[in-house]
Structure formats: C-alpha cells, structure tokens
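Here is how the chains run, residue by residue.
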Amino acid sequence: MEVNKLGDLQTLVSLSKRRGFVFQSSEVYGGLNSCWDYGPLGVAMKLNVKKAWWKAMTRRRDIEGLDAAILMHPTVWKASGHIDNFTDPLVDCKKCKSRFRADHLDPSKPVCLNCGSEELTDPRSFNLMFKTHMGPVEDEGAVVYLRPETAQGIFVNFENVMTSMRKKLPFGIAQIGKSFRNEITPGNFVFRTREFEQMEMQYFVKPGEDDSYFDQWKETRWNFYLSLGIDPDNLRFHPHGPDELAHYAKAAEDVQYKFPMGWQELEGVHNRTDFDLSQHQKFSGKKLEYFDEVAKEKFVPYVIETAVGCDRLFLTLLCDAYREEVSVDDKGKEDKRIVLGLHPSIAPVKAAILPLSKKPELQEPASKLFADLSDDLDIQYDESQSIGKRYRRQDEIGTPLCITYDFDSLEDKQVTIRHRDSMKQDRVAIDQVKNYINDSFKNYGE
Ligand code: ATP
C-alpha cells in the first residue's frame, strides 16, 4: 500500500466544502475574497481546537482566562504603537495592478509575483487596522478600531485580573477571540484572512527572569503541538533576526509548520519586555506595577507572549492529518482511501453509529445507543448507502471509531467497533461501549 500526504491546499479546500468543514463566505453572491464560513464539522473541530488550547493554558494554577471586548478605547492603539507602526509596506505592479507586501518579494530582485514585471511602485506604508465609527455621527472623534490582536485586552486588564484573582508573579492571562487585519495579500485558504481568531497568552514575570520563561514557554508550546499528534518533522522553530523583530520585542521565535506552500509561521513566542504595560501606564496615567512583597520593590513586569491563530492551527491540523492510502487489488483495480488521521480530541465526530440496515428493528436500538453516547460525545448517525461507503465517509472526516449495529446485535447485545487508522474491528458488549471508547481515546497513538 502506498501512502500519499497532502500535495496542495486545493485538495483540502474541496474536501472541506464536500464534507461540511469550511465554505466560501457569501458563496451565493460569488463569495467575498478570503472570507470563510465554518460549516457543521468545521465549527465542531474549531471548538475542539479551542478547547485543547484552553485546557492546556488555563487548567493550571498560574493562568487565568479573559474575554475582552473587540472594540476598545482608541488610545489603546496609540499606546500600543499600532496607529503609528502597525503597517505593511505595500507595492503595486504597474503592469498588472496586483498588490503585494514588499517584504514578501525577493529583496535582491523584486518582481511582480503575478506577472513577473519589474515595474513596481515604491513601497508605501499601509495601516492594517480596520476603522469604524461608534455612535451615529461619523466624525473623527467617533473613530474606533476592530482590534488587530487580542493581546491589548489582556494588558489593559492586567491590574483587574491580578487584584480580583489575588495573583502573584509569575502569572498569565489567556484569551481566545476574533482579531481583524486588513491584510494586503490574504490567501492560502484560512491561513491568512482579514477576520480570524487568535489564542493568546501573556505571562507576566519579574524582569531578569524573562529569558528563562521564554525558553520554558517555547518548550511548553512545542509539546502542546506534539500532544495533538502533529508530526515533529513538520515543525521547527524560527528565531527572528534583528531586522524581523517587532518594535516591542526583545526576542521572538516562531513555531513554523511545513504547509504545502512551504514553512510558515504557526505561532509566535515573544518576549515583549515591559513595553506594553509601560506604554499603557504612560498614556492612561494609571500605575500598572507589581509590588514584590519579599524584595519590597515595585516594578513593571516583563511579558512572555504565546500567540497562535485558531484558524491557522485548524488548517495545520487538517494538513497534517490528511493522507491517501492507495492499494491495488488482485484484479489490478486501484482503490484510494482518504483519511483524516485527526487526534481524537480534535476530530469533529468521535464515533459514528451505523445500523446495518434501515429496518426499524435495527433503527430503534441504534437510535437508543446514539442517544446514550451523544450526551458526552459528538456522535453521528448514518444509515444511508452501503456500510463500506459509510466507513469511507467517516474516514474522510476523521471519525476515529465506527460502531455497527447489525442483526446479530439483537441477539448477542454486542456491536462491531471499527478503528479508522488500523481498520481493526472488535466485537464489544453494548453496555461496555462507553468504556471502550474512553480507553481507546486514552491510549490513542500508543
Ligand atoms: P505575519 O507577519 O505573517 O503577518 P505576524 O507575525 O504579524 O504575522 P502575529 O501578530 O504574531 O503574526 O500573530 C500571532 C498569530 O496569529 C500568528 O502566528 C498566526 O497564527 C495568527 N495570525 C496572524 N495574522 C493572521 C491572519 N491574517 N489570518 C490568520 N491568522 C493570523
């Protein structure tokens, strides 16, 4: 048997539409460029991605959660540097009118990525923040921005969280939420979009201890990706050189993933120093300091940030999970099994109940099993077409287990459970199915 991994993103775009993961936004109107809607399986899987992150980040004593508003006081963006610095260098091709980020072009020989022309405009700065107006009057005084990152909601709530939760350093604040960036060149499916979700955590530490926490967080985040089953050969760290570092950062390393279009950033781990808290202190006039009771000293904490896009991690997990198993039977006929080898914690459907026939005597007990299991798990019920076709449909959406209820089940009170990856089948007593599922998820990958 030959196993092929994902060759191009288009394969995933088609699978996502065919199977209800992701649809083009406003498709009936011809779509809106680089905006995507998550379908029934997409929203279930995305929730699982968020749950995995939230669990890893907040089920510990030193990190608290937050859900700040998308619209914030406009001075936040002055203080953070976004109004002055959150720009990309934009160039236009004079020939075909395509637009690019100058930093995406080859610096030694910049040419249009669309038509190859060397006739490009000089780069000019383009602010990536979406502007809108608050209230009925569209004057300059009413301008607000859609947040371009979730981090600032955390910085301005540093004092609130620390006081209400009686936190001592080091401690962190974690948040999941939408961010908006008017990207010059969005694309590659949900890799880069103008509206996306971020999962960010800011960890507040004593200055001087920042380097060691930076290293710890790099390791923790790396292990998180391994725990989701991502192939370590497709992951690497990319340290930022001095010319890549953001204006606020002392150190930054990206976790990169080997996407079909090459190595690209999945997550950023940044040492933001005391930049953000100091800036908010300066612009708001409010103290954002920590008092160290042991050393009897006051200081503005340093921040280690981990920032990953939820949509980008969703895409990463799909890319990593996709495989085609190609085999040839005795008669020389080729067969292709498409499998999403998703980790059970991420798979949108955990198990499918497949009654062997639509006869009521099977429908009724199979529906009962569905009702019993779906209290705790995302379960699908599928009774249309042959059992072979149903298995393949479940393989293609990454369902780890298929549970077949057949005519023997009526007598022996057992069902057949088939595993997605090995295709191994076990006969299991119906009252043991829950335990069987739990055990096989617990031992997944061993
Ligand atoms: P780039 O340089 O590629 O524009 P960035 O370095 O500015 O990205 P960060 O500000 O560090 O990105 O954002 C943190 C994370 O948020 C990124 O690692 C990525 O996973 C996600 N992200 C950023 N921009 C987008 C986007 N336009 N669409 C989807 N996810 C994004």
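Residues numbered from 1 in each chain as written. Predicted model: local features only at pLDDT ≥ 70, side-chain atom pairs only at ≥ 80, totals over all residues. Heavy atoms only, no water.

Q: Go over the side chain of H419 with me, naming the residues and quoting the values.
A: Within the element layout of this structure, H419 appears in strand 23 (residues 414-419). Classification of H419 as buried rests on a relative accessible area of 16%. Of the polar contacts made by the side chain of H419, one reaches the side chain of Y436; its length is 2.7 Å. Excluding its chain neighbours within four sequence positions, the residues that come into contact with H419 are P400, L401, K424, D426, Y436 and S440. (Helix = DSSP H or I, 4+ residues; strand = E, 2+ residues; numbered from the N terminus. Buried < 20%, exposed > 50% of the residue type's maximum accessible area, 1.4 Å probe, protein only. Polar contact = N/O pair within 3.5 Å; in protein donor to acceptor, adjacent residues only side chain to side chain. Contact = heavy atoms within 4.5 Å.)

Q: Explain the packing of aromatic side chains residue by residue, including any values.
A: The final tally for this structure, using the stated rule, is 16 aromatic pairs. Ring centres of W53 and W54 lie 6.4 Å apart, and the angle between their planes is 40 degrees; this geometry places the pair in the tilted category. The class of W53 is buried, set by a relative accessible area of 0%. Exposure remark for W54: the relative accessible area of 32% places this residue in the partly exposed category. An aromatic cluster of at least three residues, connected via ring pairs, comprises F155, F158, F171 and F204. If you follow R272 out to its NZ or CZ, it ends over the ring of Y248, 4.0 Å from the centre. Over the face of the ring belonging to Y391 we find R418, whose NZ or CZ atom lies 4.3 Å from the ring centre. (Phe/Tyr/Trp six-rings, centres within 6.5 Å; stacked < 30°, edge-to-face > 60°. Lys NZ or Arg CZ within 6 Å of the ring centre and 35° of its normal.)

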